[in-house]
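Here is what each chain is made of, one letter per residue.
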Amino acid sequence: MSKIKLFLIFALPSLMFGFVAFGLNTLQSKDEMRKKEVMQFLEMYNKIYPKLYSISAEANWKSSTDVSEEHTGQRIGADETLAAFQGSGYVINQTKKFLKQKDNLDYLTVKQLEKILRSAASYPGTIPDIVSKRVQAEAKQSQILDGFEFNVAKNGEQKKIITPNQIDEILTTSKKLEERKHIWEVSKQSGVALKNGLMELQTLRNRVAQEMGYNSFFDLQVSDYEMSVNEMTQLMKNINNDLKPLYEQIHCWAKHKLAKRYNQPVPKKIPAHWIGNRWSQAFPGIVEGVDLNSLFKNKSPEWTIQQAEKFYTSLDMPKLPKSFWEKSDLYELPPDSKRKKNTHASAWHMDLENDVRSLMSVKSNYDWFETTHHELGHIYYYLAYSNKDIPVTLREGANRAFHEAIGDLIAIAAHQPKYLKEIGVMPETMQIDQTQWLLNEALDNAVVFIPWSAGVMTHWEHDFYEEKLQPNQLNERWWKYVSEFQGIEPPTKRGEEFCDAATKTHINDDPAQYYDYAMAFIIKYQLHMYIAKNILKQDPHNCNYYGNKEVGKFLWDLLKLGATKNWREVIKEKTGEEISSKPMLEYFNPIFEYLKKENLGKDVKW
Ligand SMILES: [Zn+2]
């Protein structure tokens, strides 16, 4: 690692010198000279960045597929080297200087410069003291978060530790309200321990954003969408408002079901400890689930991933590169394996070209069938935008939400009965209860997730960074939004001695970008409805993408753009409409009609 650092230290001043010499020796107009200067800067950046990126990706891959202290150390070294380059004072100052004359530059150039400046914001070398404080504060916060011990002992009892998985297990299965309340309260213990660190991070993250010329850290994060803070919060408000009538029906239906389950009077708002999720971001276990796992018991893990590839090639997309099969890590390790790997599924773009890999532990069941289709969605996105027209800094999704939206879109396509029947997984005669299936989709993530993501998380983090919420305002603001958007209330009053927002991982270590997830849902249904209605001309609840080359072309044309176009234009061009929640509402309309009947005569407001 030290070799690369040395290279950088020598390389940067000489490149700088190159520009100065160039400036003195030409007689071109000032404007053209500036443009040339920008081009040379980008050429330098686009040459060095992929090299350091690849080294970092390779080290990260190694530390995820063969977990050891040594590999973690190498990963940290490689990440630091990349960050030192991206956040160097030279890169920041040049980029800022060029962006001052952005009116004279073309869109693609400006977009690259803005991307470069945002990448620098992780570790800007122009404020080293703040950077080192932030790195330490974030490391400390992660340590508290990862190592936190939830203690279920009541007053006077001996300490008894419980894991987050055990908390979730109890919250999804227990029917005893007293136990549920206690466990829910235990799940909020970590917030108290994280509160001071979060306050420190508010100051440090805002300071870094201001260094980059943004009003707050929230503003910096939102800028990735080429949107102002107001535009983003307005968009999230609109999404919430659009979905509210549907969510109110779901909320009403769920609270009656739950009141019956716990033998309680029906409340106005749902007590948080009644729900099977610690933050009520999903309402699991209320609808009778539709289990498809048994359909896959005669299929092998190898078949599962090969079928996922076939899905994409049937759309006329290329075969996966040979290196994908050679270098990926796709299957479960035997339990006695010395090597340990990360078991979370992921898709990797190793060199910003064609070295794409996936890390999975594929087994023969429905969940993995869907996951392999999802992960290959990321891989095909990488392959599509790794072309000569897309500068390396813009080899990303049209925005951060697009990558997830594409993977999830294909996951919708993968669970269509028509597709499952065509590939011989589902018996021709098997019938699915469409209403229960859709209801489950709405409660388990899609619709219930919107008031949480576009509502609570986005609004609270907005206030936290933009208004610089003080320690005596955090919990009050949190529960105000939970009540307003989700119609949920805590079992007992939660004062400022708690910090319930901090119990959510993202608030600590993936801050101020949760609206990504809300947007991914909206975009996914927008694309799916367009494809089903306009290209396939089939029922969006039972359609078949498989083998349709026109669908393939529609998707590939979108994927190959990378981040070279404004994402709102991309949606407009592809679907003929602005970003909109209408398609999602239309998709779930059968549920809306069904629930209106089920809830007839009941008060759906809270
Ligand atoms: Zn994904």
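Residues numbered from 1 in each chain as written. Predicted model: local features only at pLDDT ≥ 70, side-chain atom pairs only at ≥ 80, totals over all residues.

**Considering the overall build of the protein**
In step 1: Assigned secondary structure in the protein consists of 25 helices and seven strands.
In step 2: The C-alpha radius of gyration computed for the protein amounts to 25 Å, which stays within 12% of the reference 25 Å derived for 606 residues, consistent with globular compactness.
In step 3: On the principal axes, the C-alpha backbone points of the protein span a range of 85 × 60 × 55 Å.
In step 4: Within the protein, the fraction of its 606 residues that count as buried is 39%. (Helix = DSSP H or I, 4+ residues; strand = E, 2+ residues; numbered from the N terminus. Rg over C-alpha atoms; globule rule 2.2 N^0.38 Å. Buried ≥ 20, exposed ≤ 12 C-beta atoms within 10 Å, placed from the backbone.)

**Thoughts on the domain arrangement of the protein**
Many authors give the size of an interface as the accessible area that is lost as the parts come together.
In step 1: In terms of domain boundaries, the protein breaks down into domain 1 (2–126) and domain 2 (134–290 + 449–510).
In step 2: For domain 1 versus domain 2, the distance between C-alpha centres works out to 37 Å.
In step 3: Between domain 1 and domain 2, the residue contacts involve five residues of the former and seven residues of the latter.
In step 4: Here the side of domain 1 that touches domain 2 is built from residues that sort into three nonpolar, one polar and one charged. (Domains from an automatic or database assignment. Contact = placed C-beta atoms within 7 Å. Nonpolar A, V, L, I, M, F, W, Y, C, P; charged D, E, K, R; others polar.)

**Considerations on the packing of helix α11 (residues 229–262) against helix α21 (residues 515–536)**
In step 1: It is the contact of α11 with α21, at a shortest axis distance of 11 Å, that shows an interaxial angle of 50 degrees. It follows that α11 is oblique to α21 by the angle criterion. The two elements α11 and α21 cross, and the hand of that crossing is left-handed. When α11 is examined against α21, the residues Met 232, Met 236 and Ile 239 are found in contact with a partner set consisting of Tyr 515, Ala 518 and Ile 522.
In step 2: A class-by-class count of the residues in the contact of α11 with α21 yields six nonpolar, no polar and no charged. (Axes fitted to C-alpha atoms, helices over the stretch in contact; angles between N-to-C directions. Parallel < 35°, antiparallel > 145°, perpendicular 65-115°, else oblique. Left-handed = near helix turned anticlockwise from the far one by under 90°.)

**Considerations on unusual backbone geometry**
In step 1: Positive phi is not limited to glycine here, since Asp 316 has a value of about 80 degrees.
In step 2: Within the fold, Asp 316 resides in the loop between α12 (301–314) and α13 (322–327).
In step 3: Although it is not a glycine, Ala 512 sits at a positive phi angle of roughly 55 degrees.
In step 4: Checked against the element boundaries, Ala 512 lands in the loop between α20 (505–509) and α21.
In step 5: Ala 512 gets classed as buried once you count the C-beta atoms within 10 Å, which come to 23.

**Regarding the sheet that holds strand β6 (residues 356–362)**
In step 1: Pairing is mixed in the open sheet, where three strands are placed in the order β4-β6-β5. Across the chains shown, the open sheet's two edge strands, defined by having one partner strand only, are β4 (329–331) and β5 (346–349). Taking the axes of each pair of neighbouring strands and ignoring which way they run, one obtains an average angle of 20 degrees across the sheet.
In step 2: Here β4 runs beside β6; their pairing, made up of two bridges, is parallel. Across the sheet, residue Tyr 331 finds its bridge partner in β6, namely Val 362.
In step 3: Contacts from helix α2 (residues 30–65) reach β4, β5 and β6, with the element oriented near 10 degrees to β6. (Pairing = 2+ DSSP bridges.)

**Points about the environment of Trp 556**
In step 1: Within the secondary structure, Trp 556 is located in helix α22 (residues 549–559).
In step 2: Taking the C-alpha atoms as reference points, Trp 556 and Ile 410, separated by 146 residues in sequence, lie 13 Å from one another.
In step 3: Once you skip the residues sitting within four places of it in the chain, Trp 556 turns out to touch Met 317 and Ala 384.

**Things to note about the nonpolar core**
Where a protein is soluble and globular, its nonpolar side chains tend to be buried together.
In step 1: Counting residues in hydrophobic clusters, the biggest one holds 154 residues, and the most contacted among them are Ile 250, Ala 442, Val 447, Ala 518 and Phe 521.
In step 2: No fewer than three residues from each of domain 1 (2–126) and domain 2 (134–290 + 449–510) sit in this core. (Core = buried A, V, L, I, M, F, W, Y, C linked by C-beta atoms within 7 Å.)

**Here we look at the environment of Ala 282**
In step 1: Within the fold, Ala 282 resides in the loop between β3 (270–271) and α12.
In step 2: With 18 C-beta atoms packed within 10 Å, Ala 282 lands in the partly exposed category.
In step 3: As for Ala 282 and Trp 452, which are separated by 170 residues in sequence, their C-alpha atoms are 8.7 Å apart.
In step 4: With residues up to four places along the chain from it excluded, the contact list for Ala 282 reads Asn 277, Asp 444, Asn 445, Val 448 and Phe 449.

**Considerations on the pairing of β5**
In step 1: Where β5 meets β6, four bridges bridge the pair, whose relative direction is antiparallel. Counted as the bridge partner of Trp 348 is Arg 357 from β6.
In step 2: With antiparallel pairing between neighbouring strands as the criterion, β5 and β6 make up a hairpin whose turn holds six residues, including Leu 352 at a positive phi of roughly 60 degrees.

**Looking at the confidence of the model for the protein**
Caution is warranted with low-pLDDT regions, since their predicted coordinates should not be read in detail.
In step 1: Here the protein shows a mean pLDDT of 91. Residues at 70 or above account for 95%.
In step 2: Of the regions scoring below 50 in pLDDT, residues 1–24 engages in 17 contacts with residues more than four places distant in sequence or in other chains. (pLDDT = per-residue confidence, 0-100.)

**A few points about the packing of α11 against helix α25 (residues 589–598)**
In step 1: Two elements in contact, α11 and α25, have axes separated by 9 Å at closest approach and are oriented at 45 degrees. With respect to each other, α11 and α25 are oriented oblique. Like other packed secondary-structure pairs, α11 and α25 cross with a definite hand, here left-handed. Across from Leu 246, Gln 249, Ile 250 and Trp 253 in α11, the residues of α25 making contact are Phe 592, Leu 595, Lys 596 and Glu 598.

**A closer look at α11**
In step 1: Here α11 contains 34 residues, and its C-alpha end-to-end distance of 42 Å is more than 12% below the 50 Å for a straight helix at 1.5 Å per residue.
In step 2: In the structure, α11 departs most strongly from a straight axis at Lys 244, where the bend amounts to approximately 50 degrees and where the proline Pro 245 lies between one and four residues downstream.
In step 3: Taken from the residues just after α11, Asn 263 is the one with a positive phi, measuring 55 degrees. (Expected span 1.5 Å × (residues − 1). Bend = angle between axes of the 7 residues up to and from the residue.)

**Here we look at helix α5 (residues 107–120)**
In step 1: Taking 1.5 Å of rise per residue, the 14 residues of α5 would be expected to cover 20 Å, and the 20 Å separating its terminal C-alpha atoms lies within 8% of that figure.
In step 2: Regarding α5, the residues found buried are Gln 112, Leu 113, Ile 116, Leu 117 and Ala 120. For α5, the angular spread of the buried residues around the axis is 135 degrees, confining them to a single face. (Arc of directions from axis to C-beta.)

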